[in-house]
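# Notes for the structure review
The residues making up each chain are set out below.
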Amino acid sequence: MLKKKLPIGIENFEEIRKEDFYYVDKTGLIAALLHNWGAVNLFTRPRRFGKSLNMSMLEHFFSLHGEKSIFDGLEISKETALCEKYMRKYPVISISLKGIAARSYEAAYQMVVQLITETAAKFYFLSDSKKLNCHDQTEYKCLLEKNMNEGMLGNSLKLLSEMLEKHYGTKVILLIDEYDVPLAKAFANGYYDQMISLIRNLLGQALKTNHSLKFAVLTGCLRISKESIFTGLNNLKVLTIADQRFDEFFGFTDQEVKQLLAYYDLTDHYETVKKWYDGYQFGNTKLYCPWDVLNHCDRIRCEPYVQPDNYWINTSSNDAVKRFIQESANAATKREIERLVAGKVITKEIHQELTYPEVYQTIDNIWSLLFTTGYLTQRGRAEGRRMKLAIPNLAVRDIFVTQIMEYFKEHVRQDGDTLKRFCDALQNKDVQNVENIFTQYLRKTISIRDTAVRIDRKENFYHGVLIGILGVKDQWGISSNREMGEGYADILVEPDTGDMGIIIEVKYAHNGDLIAACKEALKQIAHTRYEDDLADDGIENILKYGIACYKKQCKVMLAEK
């Protein structure tokens, strides 16, 4: 049987329903919202958790021009009274601010103007509506002007709402997706104060004094402090990832993932998908990241044996984690990072209401940022603002490990004297100094250990540290996992002298027996005859090192001739 297509990156609800894409039914959000809405509802969720698709769903449900049939068979269709009362009954203004990303305020301003003019143009019938007077129609035409001034821009959504109410005789629903993206981009590019003023005027007018508004829904990643953007807005209902209300409507539940895997005959992959992409806690509900699940399912349908990947990491710069790792010079923070990467839980006081200039001011604020953006998640119940935090899953752990290694490689070059001594010791068969210096680096860097991770992945960390150290020798040839003899050598080092080859095999001593692990490494080098390729190239001076690691300890052995 031909299966439905997987909706990778598709955020238009109508397209998903009409073009036969698989849809995880989140229409229960509509009923929950109608039973318990505020005048202005703000949902804060991490990126790639279905915010934009849910906003598209709301638009198509409420819009006067929506198509009823695309909701057939979904949960909301069972709510006949609600559908009769609210479905296709309201003019809807829907905008997304996720595209407002510019290097200057002037360029960002023009992007906002273009967004508003395109939104106003969708209601072009207002230009000759009999329900609007001449003044209204003149103002409507101003909303189509590309040289719109700041006053008109700030009042634009409110004006458009009022005109739509006059035309249709019913109040308007306003949907604003990713409201905080322009602020993040403005902060990164140095025009935050100007953008906060623009967004404050645009949203303040539309949400605070707009009598034409039925209700509004906003989404974003951060809950920007009320004082900075929602001043005087007393009707704001904020629903964060810590809130139990609406907790199951963003992200996939375990049951939804099981159903998806069963539909595509991928049930055998359940445990892997769970370890890599589950583990988020919104309110009281455990959730998977939809973006990761859909992308992985799409791959394993064609490549059943493909290893799980971190799809989320490629959709952002991961600046929050980068800045967090940079704070690891603080010994206490380093220990906390190590506990998190090891799969442990730590307790922190979380402040969910911040401004972008505040998020990196203190390490405490960075903890809060990591929580709100999904890099850390809640475990159990919060006690006031104090929460137990953990890394959700292996995919996010992989982001931390990647950034830890990048940070290590960036800073290792600053330690030139020690690096020279390490490389000299490696060439000169000075086993004790190789061991001592490598141990120093293990103590300085953030250790990566986790009982849930396979031994080969633990070895990868120590392998990476060694590659980072050796990488400072620009003139040396450094090969990783190179095919040699009858296998693959962990690390092959060819110094610039041209007459030497150094083979290094790294082992993780899972039981703490470093000597036994070293011997096993040397045995592997001998058994697979890694040195044969070097000998064939005329290199006679071949050194073979076995290096065993356990936590922040290491042991180094040199094979005898």
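The present account deals with the structure reproduced in this document. On a predicted model such as this, the values are computed, not experimentally measured, just so you know. (Residues numbered from 1 in each chain as written. Predicted model: local features only at pLDDT ≥ 70, side-chain atom pairs only at ≥ 80, totals over all residues. Heavy atoms only, no water.)

### Notes on the overall build of the protein
- On a plain count of helices and strands, the protein comes out with 23 helices and 17 strands.
- Its C-alpha atoms give the protein principal-axis dimensions of about 95 × 55 × 50 Å.
- The contacts in the protein between residues at least 6 apart in sequence include a share of 71% that link residues at least 24 apart.
- Of the roughly 25,100 Å² of accessible surface on the protein, a fraction of 45% belongs to carbon and sulfur atoms.
- Here the protein carries 74 positive and 76 negative side-chain charges, and the mean point of each set is 6 Å from the other. (Helix = DSSP H or I, 4+ residues; strand = E, 2+ residues; numbered from the N terminus. Contact = heavy atoms within 4.5 Å. Areas by Shrake-Rupley, 256 points an atom, 1.4 Å probe, with all protein chains shown as cover. Lys, Arg positive; Asp, Glu negative; His and termini not counted. Charge placed at Lys NZ, Arg CZ, Asp CG, Glu CD.)

### A closer look at the packing of aromatic side chains
- Enumeration according to the criterion identifies 31 aromatic pairs in this entry.
- A centroid spacing of 6.4 Å and a plane angle of 25 degrees characterise the contact between tyrosine 86 and tyrosine 90, whose relative ring orientation is stacked.
- Judged by its relative accessible area of 8%, tyrosine 86 falls in the buried class.
- With 6.3 Å between their ring centres and 90 degrees between their planes, phenylalanine 324 and phenylalanine 400 make a pair best called edge-to-face. Taken together, the residues phenylalanine 324 in helix 14 (residues 319-326) and phenylalanine 400 in helix 18 (residues 394-412) connect sequence positions 76 residues apart. (Phe/Tyr/Trp six-rings, centres within 6.5 Å; stacked < 30°, edge-to-face > 60°. Buried < 20%, exposed > 50% of the residue type's maximum accessible area, 1.4 Å probe, protein only.)

### Side note on the pattern of salt bridges
- Tallied over the full model, the rule gives 19 salt bridges.
- Residue lysine 26 is joined to glutamate 256 by a salt bridge in which the shortest nitrogen-to-oxygen separation is 2.9 Å. In this pair, lysine 26 is assigned in the loop between helix 1 (13-18) and helix 2 (28-35) and glutamate 256 in helix 11 (residues 254-263), connecting sequence segments 230 residues apart.
- With relative accessibility at 5%, the residue lysine 26 sits in the buried group.
- Judged by relative accessible area, glutamate 256 falls into the buried class, the value being 16%.
- The partner of lysine 258 in a salt bridge is aspartate 254, and the shortest N-O contact between them spans 3.5 Å. Residue lysine 258 and its partner aspartate 254 are both found in helix 11; the two are separated by 4 residues, about one turn of the helix.
- What makes aspartate 254 partly exposed here is its relative accessible area of 22%.
- Several salt bridges converge on common partners, so that one network encompasses Asp254, Lys258, Lys274 and Asp278. (Salt bridge = Lys/Arg side-chain N within 4 Å of Asp/Glu carboxyl O.)

### Re helix 14
- By the burial criterion, the buried members of helix 14 are Ala320, Val321, Phe324 and Ile325. Buried residues along helix 14 cover an arc of 130 degrees about the axis, so they all sit on one side.
- Residues of helix 14 that are buried sit in contact with helix 15 (331-341), helix 17 (363-372) and helix 18. (Arc of directions from axis to C-beta.)

### Some remarks on empty space enclosed by the protein
- Taken as a whole and judged by the stated rule, the model has 4 cavities of 30 Å³ or more.
- Volume-wise, the largest cavity comes out at about 60 Å³.
- What lines the largest cavity is simply Tyr105, Tyr109, Glu150, Leu153, Gly154, Gln194, Ser197, Leu198 and Asn201.
- No other element matches helix 9 (residues 192-208), which puts 4 residues into the lining of the largest cavity.
- Residue classes in the lining of the largest cavity are distributed as 4 nonpolar, 4 polar and 1 charged. (1 Å grid on protein atoms, 1.4 Å probe; cavity = no way out; pocket = protein on both sides within 12 Å on 5 of 7 lines; lining within 4 Å. Points joined across faces, edges and corners; volume = space filled by probe spheres on them. Nonpolar A, V, L, I, M, F, W, Y, C, P; charged D, E, K, R; others polar.)

### Details of the pairing of strand 11 (residues 377-383)
- Where strand 11 meets strand 12 (residues 386-390), 4 bridges bridge the pair, whose relative direction is antiparallel. The residue bridging glutamine 378 from the neighbouring strand is leucine 389, located in strand 12. (Pairing = 2+ DSSP bridges.)

### Focus on the side chain of asparagine 310
- Considering the arrangement of structural elements, one finds asparagine 310 in the loop between helix 13 (290-302) and helix 14.
- Separated by 2.5 Å, the side chain of asparagine 310 and the backbone oxygen of alanine 395 make a polar contact.
- Apart from residues no more than four positions distant in its own chain, asparagine 310 is found in contact with Trp276, Asp292, Ala395, Asp398 and Ile399. (Polar contact = N/O pair within 3.5 Å; in protein donor to acceptor, adjacent residues only side chain to side chain.)

### Quick look at helix 11
- Here helix 11 has its buried residues at Glu256, Val257, Leu260 and Leu261. Summarising the axial view, the buried residues of helix 11 lie within an arc of 130 degrees, below the 170-degree limit, and thus occupy one face.
- Structurally, helix 11 contributes buried residues whose contacts are with helix 12 (270-277) and helix 13.
- At the C-terminal side of helix 11, aspartate 265 shows a positive phi close to 60 degrees.

### What about the packing of helix 5 (residues 105-121) against helix 9?
- Axis separation between helix 5 and helix 9 bottoms out at 10 Å; the angle between their running directions is 20 degrees. In terms of axis orientation, helix 5 runs roughly parallel to helix 9. Considering how the two elements wind past one another, helix 5 and helix 9 form a crossing that is right-handed. Contacts between helix 5 and helix 9 involve Tyr105, Ala108, Tyr109, Val112 and Ile116 from the former and Gln194, Met195, Leu198 and Leu202 from the latter.
- Class assignment of the residues belonging to the contact of helix 5 with helix 9 gives a composition of 8 nonpolar, 1 polar and no charged. (Axes fitted to C-alpha atoms, helices over the stretch in contact; angles between N-to-C directions. Parallel < 35°, antiparallel > 145°, perpendicular 65-115°, else oblique. Left-handed = near helix turned anticlockwise from the far one by under 90°.)

### Comments concerning unusual backbone geometry
- A positive phi angle is found at lysine 429, which is not glycine, with a value near 60 degrees.
- Mapped onto the fold, lysine 429 is located in the loop between helix 19 (416-427) and helix 20 (431-444).
- In the Ramachandran plot, lysine 551 falls in the positive-phi region, its phi being about 55 degrees despite a non-glycine side chain.
- Mapped onto the elements, lysine 551 comes out in the loop between strand 16 (541-550) and strand 17 (553-558).
- Of the residues examined, lysine 551 reaches a relative accessible area of 37% and is grouped as partly exposed.

### Concerning the sheet that holds strand 2 (residues 92-96)
- Pairing in this open sheet of 5 strands is parallel, and the strands run 2-3-4-1-6 from one edge to the other. Each edge of the sheet is formed by a strand with only one pairing partner; in this case those strands are strand 2 and strand 6 (236-239). Taken over all neighbouring pairs, the strand axes of this sheet differ in orientation by 15 degrees on average, direction set aside.
- Sitting on the sheet, helix 3 (residues 51-62) touches strand 2, strand 3 (172-177) and strand 4 (213-220), and the angle it makes with strand 3 is about 165 degrees.

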